[in-house]
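Overview (structure and organization)
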Amino acid sequence: MFAENVIDQMRTPLIVLEERLNVVFVNQAAEQLIGNSRQHICGQPLLDWIQVDGACLRSEFEQVLRGDSLFHRRANLSITGANALVSDYSITSYEQVDGLYLLLEILPLDRFARIERSNERHSRTEQMHELARGVAHEIKNPLGGILGAAQLLEHDLVCGEQRDYTGIILGEVQRLGRMVDQMLLPGSLPTLGDTNIHEVLEHSIRVLGLTEHDGVDFKRDYDPSLPDIQADREMLIQAVLNILRNAMQAVRGVPSPNICVKTSVTSKLTIDSLMHRQVLSIHIRDNGCGVPIELNETLFVPLIKGPSGGTGLGLSLAHHIVSIHGGMIEFVSEFGDTCFSIHLPIERESSS
């Protein structure tokens, strides 16, 4: 029982098979990989759940049963009901008193590479955000001086044409002031309280009027079992609004535009060197224009504009809000299928 508990806590998916290739045990990481519980997986033929492109798993298992061991690099695994993923995998056999067993160990390269890229992006973006906030502080004071001077000048001017010029100055200074305020806003710390993520999502959806948005097929796929989390409700609403607004802009002009908001629990996810047993995940998927590959590493940097335009501050602000909650945002994108995922810890972890 102790060994089983240890194996169950491992982050590498492990699957144990008997000689007929029926599953007898999977750890939690394998449950997450396959997308089903061990109650549904155990007792079933493994080949009903997993296939390898360009290889015959049955032949490989039979080869290992004859005494060999196998290790494959960068194989394309097809999981029933899920997208294919690139993984390393090994097959070994071991003997018990009641017979011969096979151990399939899978290392999903896509997932770990994506987590590593996300953590690197998080660190780089936070550095850039601090730099942008410093620049914003330096801009704010002279902007206030220009605004005051323009207001005094407009008050003293009589000529209508000249007042038009000061009106332009005032309008542009106020616009720049609003941008600077957006850059400075994330400096505040969150006020934590019990927060229901579905209430946050529904409020954001109502604000944007998504359910009544002409021509957009909008769907929800909520996990009702999700618990409340400790978070700043107002901040999370702002982050969700920015990502939803980005999705709405991305689907403009797309035939049959659609947006789907899904919630779920993700197990054993590493965020900024901390491994969390469970995180609450929000997935916002659209069939819009996608994120150009050249923006993949800088999309969350302040003032970097995405494909749908805007000020370049919305995604940066969302990223910062999620980060100060101990979470992270990641995305996968191609033309016609983009998914932004917000991951928020359900409980803070102390181990890495």
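The present account deals with the structure reproduced in this document. Everything quoted here is computed from the prediction, not taken from an experiment.

**Considering the sheet that holds strand β2 (residues 23–26)**
Pairing is antiparallel in the open sheet, where 6 strands are placed in the order β2-β1-β6-β5-β4-β3. Looking along the sheet, the strands with just one partner apiece sit at the ends: β2 and β3 (50–52). The mean angle between the axes of side-by-side strands here comes to 35°, regardless of whether they run parallel or antiparallel. Of the strand pairs in this sheet, strand β4 (residues 70–79) and strand β5 (residues 85–96) are connected by 6 bridges, and their pairing is antiparallel. Across the sheet, residue His 72 finds its bridge partner in β5, namely Tyr 89. Strands β1 (14–18), β3, β4, β5 and β6 (99–108) of the sheet are contacted by helix α4 (residues 57–65), whose axis makes an angle of about 35° with β5.

**Notes on helix α8 (residues 233–250)**
The end-to-end C-alpha separation of α8 is 26 Å, in line with the 26 Å expected for 18 residues at 1.5 Å each. Of all the 18 residues making up α8, 13 are buried; the element is thus mostly covered by neighbouring parts of the structure. Between the side-chain oxygen of the N-cap and the backbone nitrogen of Glu 234 there are 3.1 Å, and the N-cap of α8 in question is Asp 232.

**Some thoughts on the sheet that holds strand β12 (residues 328–334)**
Taken in spatial order, the 5 strands of this open sheet run β8-β10-β11-β13-β12, and their pairing is mixed. At either end of the open sheet lies a strand with only one pairing partner, and these are β8 (217–221) and β12. The average angle at which neighbouring strand axes cross in this sheet is 25°, direction not considered.

**Quick look at the packing of aromatic side chains**
Going through the model one piece at a time under the given rule, you end up with 2 aromatic pairs. Seen in terms of ring centroids, Tyr 94 and Tyr 101 are 5.9 Å apart; in terms of plane orientation they differ by 25°. Their pairing is stacked. We classify Tyr 94 as partly exposed; its relative accessible area is 32%. Arranged with centres 5.3 Å apart and planes meeting at 25°, the rings of Phe 331 and Phe 340 form a pair that is stacked. Comparing Phe 331 with Phe 340 shows no difference in burial state: the two are buried.

**Some thoughts on the packing of helix α7 (residues 197–208) against α8**
Direction vectors running N to C along α7 and α8 enclose 50°, while the axes themselves pass 9 Å from each other. The orientation of α7 with respect to α8, classified from their angle, is oblique. Viewed along their axes, α7 and α8 form a crossing whose handedness is right-handed. Judged by residue contacts, Ile 197, Glu 199, Val 200, Leu 201, His 203, Ser 204, Ile 205, Val 207 and Leu 208 of α7 engage Arg 233, Leu 236, Ile 237, Val 240, Leu 241, Leu 244, Arg 245 and Met 248 from α8. Class assignment for the residues of the contact of α7 with α8 results in 12 nonpolar, 2 polar and 3 charged.

Calculation notes
Residue positions are given per chain, counting from 1 as you read along its sequence in written order. Local features in this predicted model are restricted to residues of pLDDT 70 or higher, and side-chain atom pairs are both shown and tallied only at a pLDDT of 80 or more, whereas totals for entire chains, interfaces and linings draw on every residue. Working from all heavy atoms in the structure, the side-chain values ignore hydrogens and water. Any two strands with at least two DSSP bridges between them are considered paired. Numbering of helices and strands runs from the N terminus, with a helix taken as a DSSP run of H or I at least four residues long and a strand as a DSSP run of E at least two residues long. Here an angle of 0 to 180 degrees is reported between the N-to-C directions of two axes, which are lines fitted to C-alpha atoms, with helices fitted over the stretch in contact. By definition, residues are in contact when any of their heavy atoms lie within 4.5 Å. Helix span, expected: 1.5 Å multiplied by one less than the number of residues in the helix. Throughout this description, buried means an accessible area under 20% of the type-specific maximum (1.4 Å probe, protein chains only), exposed means over 50%, and partly exposed covers the range between. For this analysis, a polar contact is any N or O atom pair within 3.5 Å, provided that within protein one partner can donate a hydrogen and the other can accept it, and provided that sequence-adjacent residues contribute only side-chain to side-chain pairs. Paired rings are identified among Phe, Tyr and Trp, the last through its six-membered ring, by centres lying within 6.5 Å, and are further divided according to the angle between planes into stacked (under 30 degrees), edge-to-face (over 60) and tilted (the rest). Orientation is classified from the angle alone, with under 35 degrees giving roughly parallel, over 145 giving roughly antiparallel, 65 to 115 giving roughly perpendicular, and any other angle giving oblique. By convention the crossing between two helices is left-handed if the near helix lies anticlockwise of the far one by an angle smaller than a right angle, and right-handed if it lies clockwise. In this count, Pro and Cys sit with the nonpolar residues alongside Ala, Val, Leu, Ile, Met, Phe, Trp and Tyr, while Asp, Glu, Lys and Arg are called charged and the others, Gly among them, polar.

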